[in-house]
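# Report on the structure
This is what each chain is made of:
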Amino acid sequence: MESRAVLKYARISPRKVEIVLDLIRNKPANVAMAILKHTPKAACEDLEKLLKSAIANAENNHNMDVSKLYVAECLAGPGPILKRIRPASKGRANRILKRTTHVTLVLKEKE
């Protein structure tokens, strides 16, 4: 049995999210929450909300024991890229890519 939560169109680069996901992969849910609370990265705020959502899904939809949950899977993939233009010297224009991310978090129960 597994519980999952998905965050789509997060306005942060997948590369930055992946750094934080590596910290919480295969950790118990309460330890992962503590790591997210005390890590000074931009992605932590969104991932903390996502983890809370996954825990709530496990408790309410699947009747799983919250104390036995651990982060089984966490993936960050690219979403659509917003293309913007910044003025450059000599009348040119430079393109800026504002990346978005889709994050999936899967919790499972330890036997």
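Residues numbered from 1 in each chain as written. Predicted model: local features only at pLDDT ≥ 70, side-chain atom pairs only at ≥ 80, totals over all residues. Heavy atoms only, no water.

## A few points about helix 2 (residues 29-37)
The condition that has to hold: Relative accessible area decides the class of each residue, using a 1.4 Å probe on protein chains only: under 20% of the type maximum gives buried, over 50% gives exposed, and in between gives partly exposed. Note on conventions: DSSP H or I runs of at least 4 residues are helices, E runs of at least 2 residues are strands, and numbering of each starts at the N terminus. The arc in question is the one traced by the directions running from the helix axis out to the C-beta atoms. Throughout, a contact is declared for two residues whenever any of their heavy atoms are within 4.5 Å.
Buried within helix 2 are the following residues: A29, A32, M33 and L36. Relative to the axis of helix 2, the buried residues are bounded by an arc of 100° and lie together on one face. Its buried side turned inward, helix 2 meets helix 1 (14-24), helix 3 (43-61) and strand 2 (69-78).

## Here we look at empty space enclosed by the protein
If a probe the size of a water molecule is rolled over the atoms, the empty space left behind becomes visible. The criterion, for reference: In this analysis a 1.4 Å probe is tested at points of a 1 Å grid over the protein atoms alone, and where it fits but cannot get out there is a cavity; an open set with protein on both sides within 12 Å along at least five of seven lines is a pocket; lining residues have an atom within 4 Å of a point. Grid points are joined across faces, edges and corners, and a volume is the space filled by probe spheres set on the points.
Within this structure, the stated rule accounts for 1 cavity of 30 Å³ or more. Roughly 30 Å³ of internal volume is contained in the largest cavity. Taken together, L7, A10, I12, V17, A43, D46, L47 and V103 make up the full set of residues lining the largest cavity. Secondary-structure elements contributing two or more residues to the lining of the largest cavity are strand 1 (2-10) and helix 3. The greatest single-element share of the lining of the largest cavity, amounting to 3 residues, is contributed by helix 3.

## Regarding the sheet that holds strand 1
Two pairing modes exist for strands in a sheet, parallel and antiparallel, and in both the strands are linked by backbone hydrogen bonds. Definition in use: Criterion used throughout: strands pair if DSSP finds at least two bridges between them. To obtain an axis, a line is fitted to C-alpha atoms, over the contacting stretch when the element is a helix, and the angle between two such axes runs from 0 to 180 degrees between their N-to-C directions.
Taken together, 3 strands build an open sheet; the order of strands is 1-5-2 and the sheet is antiparallel. Of all the strands in the sheet, just strand 1 and strand 2 have a single pairing partner and so form its edges. Across the sheet, the axes of successive neighbouring strands diverge by a mean angle of 15°, strand direction being ignored. Sheet analysis places strand 1 next to strand 5 (residues 101-109), joined by 7 bridges and oriented antiparallel. Note that in strand 5 the partner of R4 across the bridge is V106. Across the sheet, helix 3 lies against strand 1, strand 2 and strand 5, angled at about 150° from strand 1, the strand it touches most.

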